[in-house]
Amino acid sequence: MTLPTPDTLAPGAALNVLRNVTTADGTTGDVAVVDGMISTALDDIAGPAGIDASGWMLLPPLADMHAHIDKAYTWEMAGRPAGSLEDAVACWQTFGARLTQADIAAHARRALTAALRAGVTAVRTHVNFHEGEDPLRGLRAVVALREEFAGLVDLQVVAMHGHLHDSDLVREAIAVGADLLGGAPHLSPDPAAEMDRTIALAEEAGIGVDLHTDETLNPASLDIVHLSRLTAAWPAERTRSAGHCVSLAVQPEDVLDDVLAAAAAAGLSIITNPLTNLYLQGWEHPVATPRAIPPLHAIRRVGVALAAGGDNVQDPFNPLGNGDMVDVAAALVIAGHLSPDEAWQVAAAGRSLLGLPTAEGAHGDVADMLLVRAGSIAEALAERAPDRVVVRDGRVVATRHLSTATVDIDTHVSKEISV
Ligand SMILES: [Zn+2]
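Here the structure is a predicted model, which means the values were calculated and not measured. (Residues numbered from 1 in each chain as written. Predicted model: local features only at pLDDT ≥ 70, side-chain atom pairs only at ≥ 80, totals over all residues. Heavy atoms only, no water.)

**Concerning the pairing of strand β10 (residues 208–213)**
And step 1. Most of β10 is tucked away: six of the six residues are buried.
And step 2. Neither face of β10 is exposed, since Gly208, Asp210 and His212 on one face and Val209, Leu211 and Thr213 on the opposite face are all buried.
And step 3. When strand β9 (residues 180–181) meets β10, the two strands line up parallel, connected through two bridges. Residue pairing in the sheet places Leu181 in a bridge with Val209 of β10.
And step 4. Here β10 runs beside strand β11 (residues 240–244); their pairing, made up of five bridges, is parallel. The residue bridging Val209 from the neighbouring strand is Arg240, located in β11. (Buried < 20%, exposed > 50% of the residue type's maximum accessible area, 1.4 Å probe, protein only. Helix = DSSP H or I, 4+ residues; strand = E, 2+ residues; numbered from the N terminus. Pairing = 2+ DSSP bridges.)

**Overview of helix α11 (residues 325–334)**
And step 1. Across the ten residues of α11, seven count as buried, placing the element largely inside the fold.
And step 2. Listed in full, the buried residues belonging to α11 are Met325, Val326, Val328, Ala329, Ala330, Ala331 and Leu332.
And step 3. One side-chain oxygen at the N-terminal end of α11 lies 2.9 Å from the backbone nitrogen of Val326; it belongs to Asp324. (Polar contact = N/O pair within 3.5 Å; in protein donor to acceptor, adjacent residues only side chain to side chain.)

**With respect to the pattern of salt bridges**
And step 1. In this structure the tally under the stated criterion is 17 salt bridges.
And step 2. The partner of Asp179 in a salt bridge is Arg146, and the shortest N-O contact between them spans 2.9 Å. Here Asp179, found in the loop between α5 (167–176) and β9, pairs with Arg146, found in helix α4 (residues 137–148); they are 33 residues apart in sequence, far enough to count as distant.
And step 3. According to the relative accessible area criterion, Arg146 is buried, its value standing at 18%.
And step 4. Linked through salt bridges whose partners overlap, the residues forming this network are Asp7, Arg373 and Asp387. (Salt bridge = Lys/Arg side-chain N within 4 Å of Asp/Glu carboxyl O.)

**Quick look at the coordination of the zinc ion**
And step 1. Protein-derived ligands of the zinc ion are His66 (NE2), His68 (NE2) and His212 (NE2), with the metal-ligand distances lying across 2.1 Å.
And step 2. Donor residues binding the zinc ion come from one chain and are separated in sequence as H-x1-H-x143-H. In this pair, His66 sits in strand β6 (residues 62–67) while His212 sits in strand β10, placing the two residues 146 residues apart along the sequence. For the pair shown, His66 and His212 are each scored as buried. (Donors = N, O, S within 2.8 Å, 3.2 Å for Na, K, Ca; no water.)

**Section: the pairing of strand β14 (residues 369–373)**
And step 1. With four of its five residues buried, β14 lies for the most part within the structure.
And step 2. In this structure, strand β5 (residues 56–59) lies alongside β14, joined through four bridges in antiparallel fashion. From the neighbouring strand, Leu59 faces β14, where its bridge partner is Leu370.

**Observations concerning the packing of α11 against helix α12 (residues 340–348)**
And step 1. One can describe the packing of α11 onto α12 by two numbers: an axis separation of 8 Å at closest approach and a directional angle of 135°. As the angle between them shows, α11 and α12 are arranged oblique. Relative to α12, the crossing made by α11 is right-handed. Across the interface between the two elements, Met325, Val326, Ala329, Leu332 and Val333 from α11 touch Pro340, Ala343, Trp344, Val346 and Ala347 from α12.
And step 2. Its residues assigned to classes, the contact of α11 with α12 shows ten nonpolar, no polar and no charged. (Axes fitted to C-alpha atoms, helices over the stretch in contact; angles between N-to-C directions. Parallel < 35°, antiparallel > 145°, perpendicular 65-115°, else oblique. Left-handed = near helix turned anticlockwise from the far one by under 90°. Contact = heavy atoms within 4.5 Å. Nonpolar A, V, L, I, M, F, W, Y, C, P; charged D, E, K, R; others polar.)

Structure, rendered in structure tokens:
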């Protein structure tokens, strides 16, 4: 009896049994899906039926913990800008006023769809207070998408104000439906005061924060220390995340140790965004250009929760982002020196930051998974996993099949020989 293979699955299909599937720990065997949960109990797997997943891996679904879906796909219309973070911010401030709520919704929907097809089922997105009239139009667009994608992508929305936005407007943004409060204190003239204000507003609303933190190669910028101090007494379940943390990459080791110890004690999580930091940082260093990625091993070693984000999708901050966390994980290996297995863990770690149940393909885990055609995580990252099947609660929600290229190798080889 020939069993169907994962590449024949279409959205809507319910998984029952996967035969010969390899999990992240490298073991290969059969698993069943029972009531939306993974089972490795023999009774559940018995019988000849199922999907032949030989050559496929069952991996934890990916989580993009730092996105800007309200800005996605704007690089061309913004005039193809190039340059540093400051250049990108300036470009956005002159260009962003042109975007309507409908424009923002369309771009953000396209970005979420791309992410879902890639196997990203949890996204934390920052949403700017947009330039022009009605600065909360982007937030309203994205909050509506949170409902539209419910059951497909768990979307967490961060209201990202600037230091020029008054506190009443921030309160209004929270009332629109933001899950967390954001901001970029290092871009304000008085970062400590701006962080104090942000934390006070979050406490007033009873919500957590995810701040763009120290997104600079200037070692004097260590707002993460202030953030740790301000949130150390918060209840454990209230989110306090620091995004980017570029300046950690240029600290002396003794300073780094103290900073990370404070962050760990405060229950802070760090979100690294390697692609955008590689692109935006270091323009002033034409030689020996720094990588601008925080020290990932040191962060993990001290017990700070580390997750990752794709950050920008073809916008003034990165013309080449695509919403695919496999690309981000690959960058964590190449530029951040994590092992491929560690990189996948970090690229999926956002699930726990969002409070989602464990999904590693083990008995009792929720049957959320990303099936990729690969023999190992290293191969999946190296080849960018062209074939993927995205599963939630045991049901296929998206597929992607790109490995259809052909090469006329026989003709080529025979020509070579005949010469
Ligand atoms: Zn960002």
